[in-house]
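The chain contents come next:
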Amino acid sequence: MIDVILEQIKNKKIVILGFGREGVSTYRFIRKHFPSMDIVAADRSEALNIEEFKNDKHLRFVIGSKYAQNLNDYDLIFKTPGVNLNNINYFIHPYRITSQTELFLQGFRQQVIGVTGTKGKSTTSSLIYHLLSNSRGNTFLAGNIGIPFFNIIDDLDENSIIVAELSAHQLEFSETSPHIAVLLNMFQEHLDHFQSLSNYQLAKMNITKFQQESDTLIYNNEDEHIPHQIKSHNYKRNFLKFSSLQSIDTGCYCMDDNLMYVRKGELLGEYDLRHYYNLPGRHNYNNIMAAILAVKNYGVSDEDIMKYLATFNGLEHRIEYVGTFQNIKFYNDSISTIPEAAIAALKALKNVDTLILGGFDRGIAYDHLIDYLNENPVCHVVFTGPAGHRIKQEWESKYPLPDSVLEEDDFGKIVNYCFQVTEKGKSCLLSPAASSYDQFKNFEFRGRKFKDEIRRHE
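Residues numbered from 1 in each chain as written. Predicted model: local features only at pLDDT ≥ 70, side-chain atom pairs only at ≥ 80, totals over all residues. Heavy atoms only, no water.

Here's the deal with the sheet that holds strand β20 (residues 427–430)
Link 1 in the chain: Spatially, the 6 strands line up as an open sheet ordered β15-β16-β20-β17-β18-β19, and their pairing is mixed. Strands at the two margins of the open sheet, each flanked by one partner only, are β15 (320–325) and β19 (404–407). Strand-to-strand twist across the sheet, computed as the mean angle between neighbouring axes with direction ignored, equals 15 degrees.
Link 2 in the chain: Pairing between β15 and strand β16 (residues 328–332): 5 bridges, direction antiparallel. Directly across from Tyr 321, in β16, lies its bridge partner Tyr 331.
Link 3 in the chain: Packing of helix α14 (residues 411–421) onto the sheet brings it into contact with β15, β16, β17 (352–358), β18 (380–384), β19 and β20, and relative to β18 it is tilted by some 175 degrees. (Pairing = 2+ DSSP bridges. Helix = DSSP H or I, 4+ residues; strand = E, 2+ residues; numbered from the N terminus. Axes fitted to C-alpha atoms, helices over the stretch in contact; angles between N-to-C directions. Contact = heavy atoms within 4.5 Å.)

Thoughts on the sheet that holds strand β13 (residues 258–263)
Link 1 in the chain: Strand order in this open sheet of 9 strands is β7-β8-β6-β9-β10-β11-β12-β13-β14, and the pairing throughout is mixed. Sheet topology places β7 (139–143) and β14 (266–272) at the edges, where each strand pairs with a single neighbour. Neighbour to neighbour, the strand axes of the sheet diverge by 20 degrees on average, direction disregarded.
Link 2 in the chain: By the bridge criterion, 3 bridges tie strand β11 (residues 238–243) to strand β12 (residues 251–255) in an arrangement that is parallel. Following the sheet pairing, Lys 241 is matched in β12 by Gly 251.
Link 3 in the chain: Sitting on the sheet, helix α8 (residues 225–233) is in contact with β9 (180–183), β10 (216–220) and β11, with an inclination near 140 degrees to β10.
Link 4 in the chain: The strands that helix α9 (residues 282–296) touches are β6 (112–116), β9, β10, β11, β12, β13 and β14; relative to β11, the one it contacts most, it runs at about 155 degrees.

Here it is as structure tokens:
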């Protein structure tokens, strides 16, 4: 399996485009197996720390604004997810472009459960990993979750299962699909990179595009885009659907707080979630159903599913309960970068009194979020960043604003306001519906800043 990967690399002229975590991982993998191969590492950042690589005489760096010149001179371009080839003003032959994701899938696709979706993929991937690693062992979690695929290769054997969280950026140029694919949803997202919703959806669909008839696609039947894409491409797979709105013939669906696992109309399993609070909100039922369908392929018992569901506590920045301070409950949902995520968080918590919206403006539409908040009022709203400013403008052009609003970028001042105005016994929610890049490196930094400011009031 690793031989398949090495054969693709051998005797090639290689450039690694982007030298962050994944780029360094790619370099180390190649260097381990090809000690004297010439490698070029190219990165836009002039602040790149290259000191630890100075003794490698076969490694050359191209750094700065000209990092992406002459890419057609290379046989293989290892594109890391953060690099946007749309910004390059010349044609690159697609056959030259590859990635860790693509080569890993070429070598190990039969052992991979791939998970993608605009929202929920980290939670679902982590939950599948949690259920499998506890019930059978020999399971690995890698990909967009933060662990490069090449980092785990040495630990794999023929019986290993790899749960791969896959972003649209990782799938964009992929021509190999995993044996089991999970497709959660396809909302508008990353339009600054993909330039259109259609391009973004096509990238997501690569998780199943190259599957064989013996492979399995688990998908959200509620997302109108997914069934449409499946039908338009006439895919033939083992299809397993899930839905929290309607019954399913083969797959999983909700009946109140019970999840029903069925195949050809026959009830094979029932999971009572009435007293399960670790993943709040109806949207998380979709994530749980997707995870159940994935692990059932490996014979995980209903008893183990319920046992290990109870020990899964969710992930940081995903409707994360920060704590109760001055009799106010604070929730950090910094992962929320689209309107649908903010709406899902509001539905999950129900008693939100203060909401923080906004951040970096990527031009996505906020109409349905504004409509939802008009119909389901929140007493106090903070608007932050360029996106928050636009949401506020669009809101007041359509409906009256809440009586209490704040337009502010300083998170210290934002949190002070939340303590002043939030009614005791109710909740304050950071669910921005926007990217963090106006002020922060990523959503994790934003969420931790929010939590740090809250804890100053202890």
